[in-house]
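Listed here are the chains, written in short residue letters.
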Amino acid sequence: DPCFGCAPEVDPGLVSHPTVGIYCENAHDVVIRNTKVVWGENPPEYYSAALECHNVTALQLDNFTGDSAHPATIPAQINT
């Protein structure tokens, strides 16, 4: 049975993580083109960066814009 909307503690396949605009992990030759991340007014605390990438090589951003949901405390992009 699919478990749409299950909490992470119910479905071990889901990862508890802040909500980001775009998330990439373990990828190569990623191109993000003509993309804008916009958050609504008063975003919840669990909203985070516009772009978060982990273990991504050859990332190309072409006309990508966006700030984090909380620019005073969270960077727009997180790349590790």
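Criteria and thresholds
- Residues numbered from 1 in each chain as written.
- Predicted model: local features only at pLDDT ≥ 70, side-chain atom pairs only at ≥ 80, totals over all residues.
- Heavy atoms only, no water.
- Pairing = 2+ DSSP bridges.
- Helix = DSSP H or I, 4+ residues; strand = E, 2+ residues; numbered from the N terminus.
- Axes fitted to C-alpha atoms, helices over the stretch in contact; angles between N-to-C directions.
- Salt bridge = Lys/Arg side-chain N within 4 Å of Asp/Glu carboxyl O.
- Core = buried A, V, L, I, M, F, W, Y, C linked by side-chain atoms within 4.5 Å.
- Buried < 20%, exposed > 50% of the residue type's maximum accessible area, 1.4 Å probe, protein only.
- Contact = heavy atoms within 4.5 Å.

1. Things to note about the sheet that holds strand S3 (residues 51-57)
Thought 1: Taken together, 3 strands build an open sheet; the order of strands is S1-S3-S5 and the sheet is parallel. The two strands at the open ends of the sheet, each matched to only one other strand, are strand S1 (22-28) and strand S5 (77-79). Going across the sheet, the axis of each strand differs from the next one's by a mean of 10 degrees, ignoring polarity.

2. Section: the pattern of salt bridges
Thought 1: Per the counting criterion, the structure on display carries 1 salt bridge.
Thought 2: For Asp62, the salt bridge goes to Arg33, with nearest N and O atoms at 3.2 Å. Remark: Arg33 occurs in strand S2 (residues 31-37) and Asp62 occurs in strand S4 (residues 60-66); sequence separation between them is 29 residues.

3. Brief notes about the nonpolar core
Thought 1: With 11 residues, the main nonpolar core is built from Cys24, Val30, Ile32, Val37, Trp39, Ala50, Leu51, Cys53, Val56, Phe64 and Ala69.
Thought 2: At the level of secondary structure, the elements contributing two or more residues to this core comprise S2 and S3.
Thought 3: When residues in this core are grouped by element, the largest group, 3 residues, is from S3.
Thought 4: Ignoring sequence-local partners within four residues, the contact set of Phe64 consists of Ile22, Ile32, Thr35, Val37, Ala50, Leu51 and Gln77.

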